[in-house]
Amino acid sequence: VGVLLIAVGLCASRSGVETLITVFAGVSLVAGFAAVIDYLGTTDFASAEFALRTRYGRFAELLVTVQPMVWIAVLYTRSSVQKWLLIATAVLGWTAVMLSLSKGAALAGVIGFALAFGGCLLLSNKCARRPVLKLAGVWFALTVAVQAFFYFTSPLPATADYFAGNAGNSALSRQ
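Now for a look at the structure at hand. These numbers were taken from a predicted model, which means no experiment stands behind them. (Residues numbered from 1 in each chain as written. Predicted model: local features only at pLDDT ≥ 70, side-chain atom pairs only at ≥ 80, totals over all residues. Heavy atoms only, no water.)

## Side note on the overall build of the protein chain
Looking only at helices and strands, the protein chain features 8 helices and 0 strands. Tracing the protein chain from N to C terminus, the helices and strands come up as α-α-α-α-α-α-α-α. Pairs at least 24 residues apart make up 64% of the contacts formed inside the protein chain by residues separated by at least 6 positions. Accessible surface, the protein chain as shown: approximately 10,300 Å² in total, 71% of it carbon and sulfur. (Helix = DSSP H or I, 4+ residues; strand = E, 2+ residues; numbered from the N terminus. Contact = heavy atoms within 4.5 Å. Areas by Shrake-Rupley, 256 points an atom, 1.4 Å probe, with all protein chains shown as cover.)

This is the structure in structure tokens:
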């Protein structure tokens, strides 16, 4: 009942777009925290791999759909507090997609972000292109940093390991 009352209050107090972005950011925040806590709290990845990939693969499909909109909403937020909250939420959501270890979700995310950032660059005026490029740079740096961290420093696999065939079913078939 409480969630319903909060949702009704949000819908009544905000425009439709603000409500959607709030819902998308909330979903990204919850799924992102859950994924990070589960992934970093895993001591025996081999026994938990199937459960983690199954659980967060489902969330990744949802997050891949809403994440470009959450990232682009950062460009349209005037309040600096809201902007930083949206950035933190967007970072958590995209990190959850990468931690899902789903090749399909990661590939769809990269394509979705390329289309979103590319569309913003093509359809915006010249003065708005610089913030889009900065935001795209932050997204790219986050993507590379998360993959490099797990690839080089952690015994847990990264999505890049699954693409390279160093983890998952393809790694087992080569043994």
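The rest of the description comes next.
## Re the nonpolar core
Trp71, Leu86, Trp94, Val97 and Phe117 are the most contacted members of the largest nonpolar core, which has 35 residues in total. Elements represented by at least two residues in this core include exactly α2 (16–40), α3 (45–76), α4 (80–99), α5 (103–123) and α6 (126–153). When residues of this core are assigned to their parent elements, the largest contribution, 9 residues, is made by α3. Setting aside its immediate chain neighbours within four residues, valine 97 contacts Ala60, Leu63, Val64, Ala105 and Ala106. (Core = buried A, V, L, I, M, F, W, Y, C linked by side-chain atoms within 4.5 Å. Buried < 20%, exposed > 50% of the residue type's maximum accessible area, 1.4 Å probe, protein only.)

## So, the layout of surface pockets
Space inside the largest pocket adds up to approximately 670 Å³. Along the wall of the largest pocket there are 20 residues; nearest its centre are Glu18, Ile21, Thr22, Thr77 and Leu86. Within the residue set of the lining of the largest pocket, elements represented by two or more residues are α2, α3 and α4. Here the lining of the largest pocket is built from residues that sort into 12 nonpolar, 5 polar and 3 charged. (1 Å grid on protein atoms, 1.4 Å probe; cavity = no way out; pocket = protein on both sides within 12 Å on 5 of 7 lines; lining within 4 Å. Points joined across faces, edges and corners; volume = space filled by probe spheres on them. Nonpolar A, V, L, I, M, F, W, Y, C, P; charged D, E, K, R; others polar.)

## Some remarks on the side chain of threonine 89
Along the chain, threonine 89 turns up in helix α4. Residue threonine 89 is classed as buried on the basis of its relative accessible area, which comes to 8%. Once residues within four sequence positions are removed from consideration, threonine 89 is found in contact with Ala25, Ser28 and Leu29.

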